[in-house]
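Read off the chains here:
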Amino acid sequence: MKKIGTYFKDFFTAIAKGDIWVKLSLLIMGAGYFGRKQIVRGILMTILEVGVLASIFRVFAPYMSKLSTLGTVQREEIFDPLTMQKTVNDFDNSLLILLYGIIGVLVIVAFLALYIANTKAVYRLQKMQENGEHLNTFKEDVASFKNERFHITLLTLPSIGVILINIIPILFMVCIAFTNYDENHQPPTYLFTWVGIKNFINLFTTSQTITFGYAFVRVLAWTLIWAILATATTFLGGILLAQFINHTDTKVKGLWRTLFVITIGIPQFVTLLLISKMFGDYGIVNTFCANVGILDFFKNIGLLNAGDAFIPFLSRPGWAHVTIILVNIWVGVPYQMLVATGILMNIPSDQIESAKIDGANKFQIFWKITMPYVLFITGPSLIQSVIANINNFNVIYLLTYNYKTTNMSMANSHANEVDLLITWLFRLTNEYSNFKMASVIGIITFIVCAALSLLTFSRMIGGDKEGVYR
């Protein structure tokens, strides 16, 4: 708040103490530069001002004026018997109104920031002139962007790209969560409008007609369980495998590493699609299990019903959950093994030798020295892995795209037992055009990821742990 106060205080100080050229720059942004004989810079600022104001009033203002309603005139086709053609009225498009309205607001905010910065810059030029300091020519200004202000030159285009590709779509998605944009309100044929927090209420509501609350609790629980188990199993598997390989013969060690490098090189989606076919209800794995008696064995111990003709690896809750985690171990362990190998090679050998002299066994060395060291080094990576697994679309969707739920409460919300929040969101948009609820779920997913990141970062890598390992 103090910085914000200082920001505006400097602006008002420039207005109050500025000369006639500073005050004229409030109307014509280039006037202050004309007064200091910086003609080219003054022309550029004036052209920029005219261009931005023209775009605001001619392009964005018509859409921004309708932001409060997102349009009131629906599309209608009228048949003209004289011309034997259909004519379309001048209708509103809610999607364009929202999109151009958001862009218009951002343009105004950016212009105001530029307007304030320009006024303060012109006032600085006035003070420099009063103190007899040198004022840069346009050529010197351009040269500065290749030297002391080269960082601005490098970051300008990426910053614009971030705004266009990231910020605007995120703001658009957040706004959609407060509308009724779904399959019954599809532009341009139909309009959609603001509904406040109704969609957020529906996400936590369970009734005969709305079952999002029932589905959300189960999908969120499975998402968190999956993220933790998927990260922990691949991480531990990678460390144990790296430890095993490090203690094998040199030739065997090289063979193992080559094998896992080849495994990593296979595109993940190819592996997952093949496994989904192999573990299907009538896939090769089920055929093999039936032939060798594993299917009958599972029936005898009560894991399957007597009438089951296959093992539901990817078609029944419980079975599908376990199969997904096991497949993820197969897919993820090779990469974690290579990461862990590099870390294990950097553990100080004197610590290991001291522990052996003190009588520690292999398990104690692993649990008291190896694991704490690896956890400290890979702390940020593990947090990133948990967040990545929360949004791990590939493993879940490619393995279970044929999954059909028999739970009507889940089906009513277009979810199933093996969905993550991200796959549920995808299904709502791609298959059912329920953009409003997908946007709400997207916001909730962000909140979950942000909360987990803050908590784990503060606890896992906080404090003076680096000094301990030194």
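What counts and how
- Residues numbered from 1 in each chain as written.
- Predicted model: local features only at pLDDT ≥ 70, side-chain atom pairs only at ≥ 80, totals over all residues.
- Heavy atoms only, no water.
- Salt bridge = Lys/Arg side-chain N within 4 Å of Asp/Glu carboxyl O.
- Buried < 20%, exposed > 50% of the residue type's maximum accessible area, 1.4 Å probe, protein only.
- Patch = residues over 30% accessible without salt bridge, like charges linked within 9 Å, V, L, I, M, F, W, Y side chains within 5 Å.
- Areas by Shrake-Rupley, 256 points an atom, 1.4 Å probe, with all protein chains shown as cover.
- Helix = DSSP H or I, 4+ residues; strand = E, 2+ residues; numbered from the N terminus.
- Phe/Tyr/Trp six-rings, centres within 6.5 Å; stacked < 30°, edge-to-face > 60°.
- Contact = heavy atoms within 4.5 Å.
- Pairing = 2+ DSSP bridges.
- Axes fitted to C-alpha atoms, helices over the stretch in contact; angles between N-to-C directions.
- Parallel < 35°, antiparallel > 145°, perpendicular 65-115°, else oblique.
- Left-handed = near helix turned anticlockwise from the far one by under 90°.
- Nonpolar A, V, L, I, M, F, W, Y, C, P; charged D, E, K, R; others polar.

Draft legend 1. Quick look at the pattern of salt bridges. For the structure shown, the criterion picks out 10 salt bridges. Between Arg149 and Asp141 there is a salt bridge, with the nearest N and O atoms lying 4.0 Å from each other. Classification of Asp141 by relative accessible area gives buried; the value is 8%. Put simply, Arg427 and Glu431 hold a salt bridge, and the shortest N to O gap is 3.9 Å. Assessed through its relative accessible area of 9%, Arg427 is described here as buried. Put simply, Arg41, Asp141 and Arg149 are held in one network by salt bridges that share partners.

Draft legend 2. Quick peek at a nonpolar patch on the surface. Taken together, Ile20, Trp21, Leu24, Phe34, Ile39, Ile43 and Ile47 make up a surface patch of nonpolar side chains, about 610 Å² in accessible area. Sorting the residues of the nonpolar patch by element identifies α2 (20-24) and α4 (39-64) as the ones contributing at least two each. Turning to its location among the elements, Phe34 is positioned in helix α3 (residues 31-35).

Draft legend 3. Structural view of the packing of aromatic side chains. Going through the model one piece at a time under the given rule, you end up with 20 aromatic pairs. Each ring, one from Phe393 and one from Phe426, has its centre 4.9 Å from the other, and the planes form 70 degrees; the classification is edge-to-face. Here Phe393 is found in helix α17 (residues 393-400), whereas its partner Phe426 is found in helix α19 (residues 421-430), with 33 residues between them in sequence. Under the relative-accessibility criterion, Phe393 is labelled partly exposed at 23%.

Draft legend 4. Structural detail: the side chain of Lys436. Take Lys436: it is sitting in helix α20 (residues 435-460). Excluding residues within four positions of it along the chain, Lys436 makes contact with Ile176, Ala177, Thr179, Asn180, Tyr181, Asp182 and Asn199.

Draft legend 5. Region of interest: the pairing of strand β2 (residues 85-88). Looking at chain direction, strand β1 (residues 77-80) and β2 are connected through four bridges and run antiparallel. Counted as the bridge partner of Glu77 is Val88 from β2. The hairpin formed by β1 and β2 contains four residues between the paired strands, and Met84 there has a positive phi angle of roughly 60 degrees.

Draft legend 6. Structural detail: the packing of helix α14 (residues 319-344) against helix α16 (residues 362-390). Close contact between α14 and α16 brings their axes to 10 Å; oriented N to C, the two are set at 140 degrees. It follows from the interaxial angle that α14 and α16 lie oblique. Two packed elements cross with a definite hand, and for α14 against α16 that hand is right-handed. On α16, the residues touching Gln336, Ile343 and Leu344 of α14 are Thr370, Tyr373, Val374, Ile377, Thr378 and Ser385. Considered class by class, the residues forming the contact of α14 with α16 number five nonpolar, four polar and no charged.

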